[in-house]
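So the chains spell out like this:
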Amino acid sequence: MNNITALAKTLGIALAEHSRTQDLLAAQKVVNNDNNADALVQKFKTQLETMQSYEAKGQQVAPEQKDKLEQIRTEISNNPALAELTKRQVAFVEMMKTVKTTIDSHLGDLDI
């Protein structure tokens, strides 16, 4: 078990030091320091929560509410910092999927 834990620690360190992880962290830092980007994300979350609360109560979401959410999505997609963050998130997730697939490929023959 100690060997597996040591290997996991080594993998964790390698993932943390990988350029995709570092790029993701850097992009997140840019967004955190960009008041406009942060405000857009908060605006999106608030609008989404408002719409979800209507739906949870069995109420219909007004077209204006849906339009407002789409407008915010457009603003988010046009924000350079958020676009870069999204790009870096995709690259990071691809890396993690590859790691998981590699691990799974060696466990595939086990009948667990």
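See the structure above.
S.K.: Help me understand the overall build of the protein chain in this model?
M.R.: The helix and strand tally for the protein chain stands at five helices and zero strands. Starting at the N terminus, the α and β elements of the protein chain follow one another as α-α-α-α-α. Computed over its C-alpha atoms, the radius of gyration of the protein chain comes to 20 Å, more than 25% above the 13 Å expected for a compact globule of 112 residues. Considering only C-alpha atoms, the protein chain reaches an extent of 55 × 35 × 20 Å along its principal axes. Within the protein chain, the proportion of its 112 residues that are buried is 18%. If you take every contact in the protein chain between residues at least 6 apart in sequence, the share linking residues at least 24 apart comes to 72%. Roughly 8500 Å² of accessible area belongs to the protein chain as shown, and the carbon and sulfur atoms make up 56% of that amount. The distance from the centre of the 13 positive side-chain charges to the centre of the 15 negative ones in the protein chain is 3 Å.

S.K.: What should I look at first to understand helix α2 (residues 19-32) in this one?
M.R.: Taking 1.5 Å as the rise per residue, α2 with 14 residues should run 20 Å; its terminal C-alpha atoms sit 20 Å apart, in good agreement. Three or more residues of α2 are buried, namely T21, L24, A27 and V31. Around the axis of α2, the buried residues are gathered within 130 degrees of arc, so they sit on the same side. Across from the buried face of α2, at angles greater than 90 degrees, the exposed residues are L25 and K29.

Calculation notes
- Residues numbered from 1 in each chain as written.
- Predicted model: local features only at pLDDT ≥ 70, side-chain atom pairs only at ≥ 80, totals over all residues.
- Heavy atoms only, no water.
- Helix = DSSP H or I, 4+ residues; strand = E, 2+ residues; numbered from the N terminus.
- Rg over C-alpha atoms; globule rule 2.2 N^0.38 Å.
- Buried < 20%, exposed > 50% of the residue type's maximum accessible area, 1.4 Å probe, protein only.
- Contact = heavy atoms within 4.5 Å.
- Areas by Shrake-Rupley, 256 points an atom, 1.4 Å probe, with all protein chains shown as cover.
- Lys, Arg positive; Asp, Glu negative; His and termini not counted.
- Charge placed at Lys NZ, Arg CZ, Asp CG, Glu CD.
- Expected span 1.5 Å × (residues − 1).
- Arc of directions from axis to C-beta.

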